[in-house]
Amino acid sequence: MADSSVTGVTADDHRGMPAHSGEPLVVLDSVNKHFGELHVLQDINLTVHRGEVVVVIGPSGSGKSTLCRAINRLESIDDGSITLDGQALPEEGKALARLRADVGMVFQSFNLFAHKTILENVTLGPIKVKKMKTAKAKELAMSLLERVGVANQADKLPAQLSGGQQQRVAIARALAMQPKVILFDEPTSALDPEMVNEVLDVMVALAKDGMTMVVVTHEMGFARKAADRVVFMSDGQIVESADPDTFFDHPTSNRAKDFLGKILTH
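Residues numbered from 1 in each chain as written. Predicted model: local features only at pLDDT ≥ 70, side-chain atom pairs only at ≥ 80, totals over all residues. Heavy atoms only, no water.

The protein chain goes by ABC-type polar-amino-acid transporter in an unreviewed UniProt entry, where it is assigned to Occultella aeris. As its UniProt record puts it under Subcellular location (unreviewed entry), the protein chain is described as follows: "Cell membrane". (UniProt positions renumbered as here; feature names shortened; annotations may be inferred.)

What follows is the structure, given as structure tokens:
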């Protein structure tokens, strides 16, 4: 079993953590999730503070993506609780739609609307959900597309862009909702190797700007560079939680040592 002491992390637990506001923004308390007989999330306790970048790593099938998707209710949970900014996650309806406006999500497979231009993809949420005026939404979208380096692609359709460009558009789309936190579910795993860094560079810049982020990734370089905290999962449990230097240089569990030994020697 995982040592439960590592899972309830407070601002004081990690000296490597920057001086965030210290306010808990996302709080998972004793969260469990089953897929049939498979217990994919086992008593998960995790607090993400405002302005913190938490990178979740671990072997395939460890529950990382399910954890990420539970935070905005793309996956329901069996028991326990998840709160965002002090509010419990609503089950459904308009309250859930409002919550999702506060929780941005960037998926492995971009999920852009194929028949809409890049600009339309980014303006859709602010106009439809936040009732933003079209002119203001376009201005916001163009500034965000500029920020992620694809403003010159605004009038194109997604299929006309590379995978790396599409993923940067997806990040701009998430930012356009002005969320309190952005979840990244393996955002580079579908990309060709030469496109990975262009997406990671955007994410590193977001982290430096103070965006609260939960990132599921296999990119250990990004975890070292951008994370305030690395959370290591295995078999549905949080096994370790530490600042990057501590985790990568001095892992405490055999499971983390074995995982790092396999991926860092190739």
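Still more to cover.
Would you mind showing me how to read the overall build of the protein chain here?
Check the secondary structure of the protein chain and you find 9 helices and 10 strands. In summary, the protein chain has a C-alpha radius of gyration of 18 Å against a globular reference of 18 Å for 266 residues, a match within 12%. Dimensions along the principal axes, computed over C-alpha positions, put the protein chain at roughly 55 × 45 × 40 Å. Counting all 266 residues of the protein chain, 53% fall into the buried class. The contacts of the protein chain with a sequence gap of at least 6 include a subset with a gap of at least 24, amounting to 68%. Of the roughly 12,400 Å² that the protein chain leaves accessible, carbon and sulfur atoms contribute 49%. Taken together, the 28 basic and 34 acidic charged side chains of the protein chain have centroids lying 8 Å from each other. (Helix = DSSP H or I, 4+ residues; strand = E, 2+ residues; numbered from the N terminus. Rg over C-alpha atoms; globule rule 2.2 N^0.38 Å. Buried < 20%, exposed > 50% of the residue type's maximum accessible area, 1.4 Å probe, protein only. Contact = heavy atoms within 4.5 Å. Areas by Shrake-Rupley, 256 points an atom, 1.4 Å probe, with all protein chains shown as cover. Lys, Arg positive; Asp, Glu negative; His and termini not counted. Charge placed at Lys NZ, Arg CZ, Asp CG, Glu CD.)

Help me understand the layout of surface pockets, please; the structure alone is not making it clear to me.
Left-over empty space is what a probe sized like a water molecule reveals as it rolls over the atoms. Computed from the structure, the largest pocket encloses a volume of approximately 610 Å³. Elements with a contribution of two residues or more to the lining of the largest pocket: α2 (93–102), β6 (103–106), α3 (118–128) and α5 (163–176). In the lining of the largest pocket, the residues fall into 13 nonpolar, 5 polar and 4 charged. (1 Å grid on protein atoms, 1.4 Å probe; cavity = no way out; pocket = protein on both sides within 12 Å on 5 of 7 lines; lining within 4 Å. Points joined across faces, edges and corners; volume = space filled by probe spheres on them. Nonpolar A, V, L, I, M, F, W, Y, C, P; charged D, E, K, R; others polar.)

Would you explain helix α4 (residues 134–147) in this entry?
Helical periodicity: at 3.6 residues per turn, an α-helix aligns residues three or four positions apart in one direction. If you check α4, its first and last C-alpha atoms are 20 Å apart, about what 14 residues at 1.5 Å a residue would give, namely 20 Å. Among the residues of α4, those classed as buried are A137, L140, A141, L144 and L145. For α4, the arc enclosing every buried residue in end-on projection is 135°, short of the 170-degree limit, so these residues lie on one face. Facing away from the buried side of α4, by more than 90 degrees, are the exposed residues A135, K136, E139 and E146. For α4, the secondary structure elements touched by its buried residues are α3 and α5. Just beyond α4, the residue with positive phi is G149, at close to 85°. (Expected span 1.5 Å × (residues − 1). Arc of directions from axis to C-beta.)

Any chance you could explain helix α6 (residues 193–208) here in plain terms?
End to end, α6 covers 24 Å across 16 residues, agreeing with the expected 22 Å (1.5 Å per residue, within 8%). All of the buried residues along α6 are M195, V196, V199, L200, V202, M203, V204, L206 and A207. On the buried face of α6, the contacting elements are β3 (53–57), α4, α5, β7 (181–185), β8 (213–216) and α7 (220–226). Positive phi appears at G210, one or two residues downstream of α6, with a value of about 95°.

Can you help me understand the pairing of strand β10 (residues 237–242) in this one?
A regular strand places its side chains so that they alternate between the two faces of the sheet. Most of β10 sits out of view: 6 of its 6 residues are buried. In terms of strand pairing, strand β9 (residues 229–234) meets β10 through 5 bridges, oriented antiparallel. Within β10, the position partnered with S234 by the bridge is Q237. As consecutive antiparallel partners, β9 and β10 are separated by 2 residues, and within that stretch D235 has a phi angle of approximately 50°, a positive value. (Pairing = 2+ DSSP bridges.)

How do you make sense of the pattern of salt bridges when you look at a structure like this?
Pairing of side chains with opposite charge becomes possible as their charged atoms draw close. Enumeration according to the criterion identifies 13 salt bridges in this entry. Between R229 and E52 there is a salt bridge, and its shortest N-O distance comes to 2.9 Å. Of this pair, R229 sits in strand β9 while E52 sits in the loop between β2 (38–49) and β3, and the two are 177 residues apart along the sequence. Judged by relative accessible area, which is 0%, R229 ranks as buried. In this structure, D102 and K180 form a salt bridge, with 3.9 Å as the shortest nitrogen-oxygen distance. Residue D102 is located in helix α2, and its partner K180 is located in the loop between α5 and β7; the two are separated by 78 residues in the primary sequence. Here the salt bridges share partners, and the residues they tie into one network are E23, R50, D85, D102 and K180. (Salt bridge = Lys/Arg side-chain N within 4 Å of Asp/Glu carboxyl O.)

Help me understand the pairing of β7, please; the structure alone is not making it clear to me.
When you tally the buried positions in β7, you get 5 out of 5 residues, the bulk of the element. Every second residue of β7 is oriented toward a common face, with V181, L183 and D185 on one face and I182 and F184 on the other, all of them buried. By the bridge criterion, 4 bridges tie β6 to β7 in an arrangement that is parallel. Each bridged residue has a counterpart across the sheet, and for V103 the counterpart in β7 is V181. Direction of pairing for β7 relative to β8: parallel, over a ladder of 4 bridges. Bridge assignment links I182 to a residue of β8, and that residue is M213. Handedness of the crossover joining β7 and β8 through α6: right-handed. (Right-handed = clockwise from strand over helix to strand, strands pointing away.)

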